[in-house]
Amino acid sequence: MDFKGRVALVTGAGNGLGRVYALQFAERGASVVVNDLGGDSKGGGVSSRPADMVVEEIRAMGGSAVANYDSVEFGEKLVDTAIKAFGRIDIVVNNAGILRDKSFARISDEDWDIIQKVHLKGAFKVTRAAWPYMKEQKYGRIIMVSSSSGIYGNFGQANYAAAKLGLLGLSNTLAKEGVKYNIRCNAIAPTAGSRMLATVMPQEMIDALKPEFVAPLVLYLCHESSEETGGLFEAAAGWIGKNRWQNAQGAFIAEHNKSSGKWEMTPEMVRDKWSAITDFSTNPSYMTSQADFQPKLMSYIEKMKGGSSSPQEGSEVSWSYNERDVILYALGIGVSTTQEDHLKFLFELSEDFCVLPTFPVLVAFTGSDLPLNKETTGIDIDPTKILHGEQYLEVYKPLATAGSFTTKSEVVDVVDKGSGALILSHMTSYDEDGEKVAFNQLSTFVVGAGGFGGKRSSDKAYPTQKAPNREPDSSMEEKTSIDQAALYRLSGDRNPLHLDPSFAAMGGFDKPILHGLCTMGYSSRHILAKYAGNDVSKFKAMKVRFAKPVVPGQTIRTNMWQDDNRVFFESLVVENGNKVITGGYVDLHSVSPQQAPANTSSILKSSSMFSEMSKRLTPAVIKKVGAVFQFNITQEGKVAETWTVDMKTPPGAVYVGEPKQGKPGVTLTISDDDLLAMASGKLDGQKAFSTGRLKLKGNIMLSMKLSTLFDANSKM
Ligand code: NAI
């Protein structure tokens, strides 16, 4: 990285860190203003010597530098020096600093003021003077030198810590204001052996901390190639790490008082929710702007405006996820690198990286805080007697590979089933734009909680559906990993029942069992693979009843029946024949063309071959071939039928007639008999071509690619 043509102003560059920044900028071609007041480390005295010496050092190595001896309080003078000497200013490193360490009670007004003046006001004055030039030239790089004392607090440095964290606030704001002028501003918190540290650290440590290990960070952040802005970086002893704010999910505390009609909040309510307020373990967020907080704020304001709904009646929680969560979920429901399409689900850099459509079921455990208790359901509930009975999921739009859901949850019905109570909860999730992304209905069965005289059924329930009375149209088997539950639980449902043998034994199970929603995930994948070419955007809705558990390591078979865009299914454990999901169905927006029976109106023998071809149109094949083929099939020397095999437009298609879109890449004219012979390997394609039995028009080479659709033994 070079800095030729750039002008850098480093304040306090006569000593310590600043000196090394100045030397390194100059070494790489920048013209440098070496500013230093030349006083002692407490802010006493002045001297031109420190700045002059650094300027001499730079000139001696062939660099370009001028000295400035003004205090940073007079920022304009420093910038003037740059403009007069070099005609511009590109980089400002606000490094000058002093210390007045004292325990808090002993800090005098003067100790306080001088620290704020040098660090905070100095950085303000210098940067404000440089800002118009940077704005005008649409280029600027600014560093604010903060300190770990400011970030974390440090005994005896109240004045200094306050100023140093003030610099972070200044930096964060300039980063935002500078964006449109290509002015980037970052803060650093260095640790380096210098005269400043000599007052607070033993000599051996100071010796071990070289400014040369901090300066490269400053240079990188100030280079034109760096887009970083608004960051805070700690750097010391050859190590650099970025800092950020972590925000707990927190809790909505206010409660709606039904008799007064008002929202109320008391210190006791705060105390009672303290663990939720301070919990960073569940879905913390990392806000980078006040705007990030707005949606949450607005939703609470809306809630309060509504007045009637109290947190007991419904709750709303934001849950953010990233690519890692998406991949972890895919692994949890059995996506494996042994599968053809795995990259789109496991590799964030894959071109078609996407989220499996059942991902939003996770909100039932991670994105919702709806407790099932007397307050929410009106009945007494023993939490150890709760079973996940059924699940219905509807997805309204393809899911972003990272983002956040705000989920509104409420108990909508409690049904008296005699032997137990069935609780229906609704969870509706919205994305960052406030658009509805998914809806879950969770049916929870509470054993022994029935007989309370409630209604016997609910019109809100999404019922399971009986599969057609015939052999399954297709089925798919997959062995789960012995570690499947251990992996799936990391997506949110950490119930020990799925991992801890002693806990499973208490629940009456021989071994820990797989999560029902994990089994649901397997079945959804089977249906997507068979009927949607693994195209997640085809998924619309899914319903399951969890009949029996799966034990990790067992093989799940999904039996499927297609009826238009609905695929009915049931899932079994192959090893014991147990039905684990019953009455299930998946609704697709459309069934992949390659799965629909090919147009059977054909009169040709080779039509069965086309139907066979249509089944081989996988996304991988489409990607590999990327062309449209037209077949003119002749009988008795005349074209009897034309077929199109579209291996270009996803998800691909095979149909009677000429291409619906564009021109074919290649047109093959061949008799019905010869095509069959060729596809089955009895007739060599080359031979057919050279003897004139196969005529090719267009890009002849493309016909070689057809072999992917023919039998393995065909000779295309
Ligand atoms: P240093 O004392 O070696 O160098 C600071 C320089 O600033 C001195 O040459 C001094 O003459 C100059 N200066 C002081 N007041 C000035 C003013 N009003 N106008 C112009 N120049 C002035 O200190 P060091 O350790 O190199 O620190 C550089 C910066 O890094 C400071 O802002 C300091 O607070 C910060 N810092 C340093 C840490 C460290 O471990 N050395 C730790 C955290 C922050």
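To start, this report covers the structure provided alongside it. Remember, it's a predicted structure, so these values are computed and weren't measured experimentally. (Residues numbered from 1 in each chain as written. Predicted model: local features only at pLDDT ≥ 70, side-chain atom pairs only at ≥ 80, totals over all residues. Heavy atoms only, no water.)

**Considering the overall build of the protein chain**
For the protein chain, the count of helices and strands is 21 helices and 25 strands. Taking 716 residues into account, the globule formula puts the C-alpha radius of gyration at 27 Å, and the protein chain, at 35 Å, lies well above it. Each principal axis of the C-alpha distribution contributes one length, and for the protein chain these read about 105 × 80 × 45 Å. Sorting the 716 residues of the protein chain into buried and exposed places 49% on the buried side. When the accessible surface of the protein chain is split by element, carbon and sulfur atoms take 53% of a total near 33,800 Å². With 78 positive and 80 negative side-chain charges, the protein chain shows a spacing of 3 Å between the two charge centroids. (Helix = DSSP H or I, 4+ residues; strand = E, 2+ residues; numbered from the N terminus. Rg over C-alpha atoms; globule rule 2.2 N^0.38 Å. Buried < 20%, exposed > 50% of the residue type's maximum accessible area, 1.4 Å probe, protein only. Areas by Shrake-Rupley, 256 points an atom, 1.4 Å probe, with all protein chains shown as cover. Lys, Arg positive; Asp, Glu negative; His and termini not counted. Charge placed at Lys NZ, Arg CZ, Asp CG, Glu CD.)

**A word on the packing of aromatic side chains**
Scanning the model with the defined rule gives 15 aromatic pairs in all. Seen in terms of ring centroids, Tyr329 and Phe359 are 5.5 Å apart; in terms of plane orientation they differ by 75°. Their pairing is edge-to-face. Separated by 30 residues along the polypeptide, Tyr329 in helix α12 (residues 323-332) and Phe359 in the loop between α13 (343-346) and α14 (374-377) bring together distant segments of the chain. For the pair Tyr329 and Phe359, a shared accessibility class is recorded, and that class is buried. (Phe/Tyr/Trp six-rings, centres within 6.5 Å; stacked < 30°, edge-to-face > 60°.)

**What about the sheet that holds strand β5 (residues 140-145)?**
Sheet strands line up and pair through hydrogen bonds in the backbone, either parallel or antiparallel. Within the open sheet, the 8 strands sit side by side as β3-β2-β1-β4-β5-β6-β7-β8. Their pairing is mixed. One side of each edge strand has no neighbouring strand; the edge strands of this open sheet are β3 (64-68) and β8 (239-243). In this sheet, neighbouring strand axes are inclined to one another by 20° on average, regardless of whether the strands run parallel or antiparallel. Alignment of strand β1 (residues 7-10) against strand β4 (residues 91-94), held across 3 bridges, turns out to be parallel. Pairing of Val10 across the sheet is with Val93, part of β4. Of the strands in this sheet, β2 (31-35) and β3 touch helix α2 (residues 49-60), which is tilted by about 175° from β3. Lying on the sheet, helix α6 (residues 158-178) is in contact with β5, β6 (183-191) and β7 (232-236); it crosses β6 at an angle near 155°. (Pairing = 2+ DSSP bridges. Axes fitted to C-alpha atoms, helices over the stretch in contact; angles between N-to-C directions. Contact = heavy atoms within 4.5 Å.)

**Re empty space enclosed by the protein**
Counting across every chain of the model gives 1 cavity of 30 Å³ or more. Counted as a void, the largest cavity has a volume near 50 Å³. In terms of lining residues, the largest cavity is bounded by Thr11, Val72, Asn94, Asn95, Ala96, Val118, His119, Gly122, Ala123, Val145, Lys164 and Leu167. Those elements that provide at least two residues to the lining of the largest cavity are α4 (109-137) and α6. At 4 residues, the largest contribution of residues to the lining of the largest cavity is made by α4. Residues of the lining of the largest cavity, tallied by class, amount to 6 nonpolar, 5 polar and 1 charged. (1 Å grid on protein atoms, 1.4 Å probe; cavity = no way out; pocket = protein on both sides within 12 Å on 5 of 7 lines; lining within 4 Å. Points joined across faces, edges and corners; volume = space filled by probe spheres on them. Nonpolar A, V, L, I, M, F, W, Y, C, P; charged D, E, K, R; others polar.)

**A few points about the state of the cysteines**
For the coordinates displayed, the defined rule picks out 0 disulfides. Cys222 takes part in no disulfide bond, and the closest cysteine sulfur, belonging to Cys185, lies 9.4 Å away. Relative accessible area serves as the criterion here: at 1%, Cys222 is assigned to the buried category. No disulfide involves Cys354; its nearest neighbouring cysteine sulfur is the one of Cys518, lying 18 Å away. (Disulfide = S-S within 2.5 Å.)

**With respect to the nonpolar core**
Judged by nonpolar contacts, the single largest core of 54 residues is most densely connected at Tyr329, Leu356, Phe359, Leu399, Tyr488, Met520 and Phe569. When residues in this core are grouped by element, the largest group, 7 residues, is from helix α17 (residues 516-531). Those residues in contact with Met520 that lie beyond four places of it in its chain are Thr358, Val361, Gln391, Leu393, Met542, Val544, Phe546 and Ile581. Core analysis: the second largest hydrophobic core is formed by 35 residues, Ile89, Ile98, Ile142 and Met144 among them. (Core = buried A, V, L, I, M, F, W, Y, C linked by side-chain atoms within 4.5 Å.)

**A few points about the pattern of salt bridges**
In the structure shown here, the tally under the stated rule is 24 salt bridges. Glu390 is paired through a salt bridge with Arg545; the nearest N and O atoms lie 2.9 Å apart. Taken together, the residues span a long stretch of sequence, with Glu390 in strand β12 (residues 386-395) and Arg545 in strand β17 (residues 539-546) at a distance of 155 residues. For Arg545, a relative accessible area of 37% corresponds to the partly exposed category. We note a salt bridge from Arg525 to Glu478, for which the minimum N-O separation is 2.9 Å. One end of the pair, Arg525, is in helix α17; the other, Glu478, is in strand β16 (residues 474-479), and 47 residues separate them in sequence. For the pair formed by Arg525 and Glu478, the shared burial category is buried. Here the residues in one salt-bridge network are Arg6, Arg88, Asp90 and Glu224, joined through shared partners. (Salt bridge = Lys/Arg side-chain N within 4 Å of Asp/Glu carboxyl O.)

**A closer look at the side chain of Asp431**
Note that Asp431 resides in the loop between β14 (420-430) and β15 (436-447). Beyond its immediate chain neighbours, meaning those up to four positions away, Asp431 contacts Lys397, Ser404 and Val437.

**Here's the deal with the environment of Phe568**
Within the secondary structure layout, Phe568 lies in strand β19 (residues 566-573). In this structure, the C-alpha to C-alpha distance between Phe568 and Tyr585, residues 17 residues apart in sequence, is 4.2 Å. With residues near it in sequence (within four places) discarded, Phe568 still touches Gln465, Lys466, Ala467, Pro468, Asn559, Met560, Trp561, Asp563, Gly584 and Tyr585.

**Here's the deal with the side chain of Arg184**
Take Arg184: it is sitting in strand β6. Look past the residues within four positions of Arg184 in its chain and what remains in contact with it is Gly140, Arg141, Ile142, Ser226, Glu227, Glu228 and Thr229.

**Quick look at the sheet that holds β12**
Taken in spatial order, the 10 strands make up an open sheet running β11-β13-β14-β15-β12-β17-β20-β19-β18-β16, and their pairing is antiparallel. Here the strands that pair on one side only, and so sit at the sheet edges, are β11 (315-321) and β16. Ignoring strand direction, the axes of neighbouring strands in this sheet form an average angle of 20°. Judged from the 6 bridges that link them, β16 and strand β18 (residues 555-563) form a sheet pairing that is antiparallel.

**Re the environment of Asp684**
With respect to the helices and strands, the residue Asp684 is situated in the loop between α20 (672-679) and α21 (685-690). Separated by 286 residues in the primary sequence, Asp684 and Pro398 place their C-alpha atoms 45 Å from one another. Separated by 3.1 Å, the side chain of Asp684 and the backbone nitrogen of Lys687 make a polar contact. (Polar contact = N/O pair within 3.5 Å; in protein donor to acceptor, adjacent residues only side chain to side chain.)

**Re α6**
Here α6 contains 21 residues, and its C-alpha end-to-end distance of 30 Å stays within 8% of the 30 Å for a straight helix at 1.5 Å per residue. Among the residues of α6, Asn159, Tyr160, Ala161, Ala163, Lys164, Leu167, Leu168, Ser171, Leu174, Ala175 and Gly178 are the ones counted as buried. As for α6, its buried residues are in contact with α4, β5, α5 (148-152), β6 and β7. (Expected span 1.5 Å × (residues − 1).)

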